[in-house]
Amino acid sequence: MEILVIGSGIPENTKYKHPTKENFKENKNDVVIFLDKQKSKGIDVSWDLENTPLPFRDNEFYRVIAYHVLEHLDNKRSLYRLMDELHRILNSKGILKIKVPHFSSFVAYESPDHVLFFGYDTFGWWTEEWFEPYYVRRKWKIIKSKLNFLIDGPFNKPFLFLNKIVGPIINKFPTFYSRFLCWLLPCDEIYVELIPVK
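1. Remarks on the packing of aromatic side chains
The relation between two aromatic rings is expressed through the spacing of the ring centres and the mutual angle of the planes. Per the stated rule, a full pass over the model turns up nine aromatic pairs. Taken together, the ring pairs connect F24, F34, Y67 and Y191 into an aromatic cluster. Over the face of the ring belonging to Y67 we find K99, whose NZ or CZ atom lies 4.5 Å from the ring centre.

2. Some remarks on the sheet that holds strand 2 (residues 31–36)
Judged by pairing direction, the sheet is mixed, and its seven strands sit side by side in the order 3-2-1-4-5-7-6 without closing on themselves. Of all strands in the sheet, those with a lone pairing partner are strand 3 (45–46) and strand 6 (140–148), marking the two edges. The sheet contacts of helix 1 (residues 76–89) involve strand 1 (2–6), strand 4 (61–67), strand 5 (90–101), strand 6 and strand 7 (189–196), and relative to strand 5 the element is tilted by about 145°.

3. Focus on unusual backbone geometry
As a rule of thumb, non-glycine residues mostly have phi less than zero, and peptide bonds are mostly trans rather than cis. The amide bond that connects T52 to the next residue, P53, takes the cis arrangement and shows omega of 10°. Residue placement: P53 occurs in the loop between strand 3 and strand 4. A positive phi angle is found at H68, which is not glycine, with a value near 55°. Topologically, H68 is positioned in the loop between strand 4 and helix 1.

4. Digging into the layout of surface pockets
The calculated volume of the second largest pocket comes to roughly 230 Å³. If you go around the second largest pocket, the residues you meet are K76, L79, Y80, L116, F117, F118, T122, W125, W126, Y135 and V136. Classifying every residue of the lining of the second largest pocket gives nine nonpolar, one polar and one charged.

5. Regarding the pairing of strand 1
Every other side chain in a regular strand lies on the same face of the sheet, so the side chains alternate between the two faces. Along strand 1, four of the five residues are buried, which leaves the element largely enclosed by surrounding structure. In terms of strand pairing, strand 1 meets strand 4 through three bridges, oriented parallel. For V5, the partnering residue across the bridge sits in strand 4 and is I65.

6. Remarks on the pattern of salt bridges
Tallying each qualifying case throughout the model produces ten salt bridges. A salt bridge links E60 to R57, with the shortest nitrogen-to-oxygen separation between them at 3.8 Å. Several salt bridges share partner residues, and in doing so they unite E26, R63 and K97 into one network.

So, how was this worked out
Residues numbered from 1 in each chain as written. Predicted model: local features only at pLDDT ≥ 70, side-chain atom pairs only at ≥ 80, totals over all residues. Heavy atoms only, no water. Phe/Tyr/Trp six-rings, centres within 6.5 Å; stacked < 30°, edge-to-face > 60°. Lys NZ or Arg CZ within 6 Å of the ring centre and 35° of its normal. Pairing = 2+ DSSP bridges. Helix = DSSP H or I, 4+ residues; strand = E, 2+ residues; numbered from the N terminus. Contact = heavy atoms within 4.5 Å. Axes fitted to C-alpha atoms, helices over the stretch in contact; angles between N-to-C directions. 1 Å grid on protein atoms, 1.4 Å probe; cavity = no way out; pocket = protein on both sides within 12 Å on 5 of 7 lines; lining within 4 Å. Points joined across faces, edges and corners; volume = space filled by probe spheres on them. Nonpolar A, V, L, I, M, F, W, Y, C, P; charged D, E, K, R; others polar. Buried < 20%, exposed > 50% of the residue type's maximum accessible area, 1.4 Å probe, protein only. Salt bridge = Lys/Arg side-chain N within 4 Å of Asp/Glu carboxyl O.

Listed below in structure tokens is the structure:
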């Protein structure tokens, strides 16, 4: 089975550890393909996500991983087009796994490279309940959605224990939290899993 990891390139001169293909395998026979705009070590496909269609066949993948890449797209129309493309290349039992910064986090707006902002309910716009055909052409179903209070990074290491305390509270009422409490207690990340409705 094939897994596509988009935005998987990390420059070699960075302090962050580059994930390996083994990190994304669910089964030992899985084939993992790394795609990134930048040509760098370990990248299988160099492609700008702003350019659609993507260079893959319909229904080619059973997983697509998009961790901290969607916020780098140039505009919302690029997001709509990319979501359509990811729907096309995932098979009917495939899962799209997304991590994006929550809009309240400094992670969202600290980088000048971050253009788009996301809330807990953003990906609901692609589901049957919120579907807006003016913007969205292909439907998804959310199977998991979660707020991660702190992401695992060099600055957060001493404070990761707070995830066990704050995480259950903000995930009990995530929309209420995002509307009324997130500026008092900002959270770093949104994690979503979606399946394509075909």
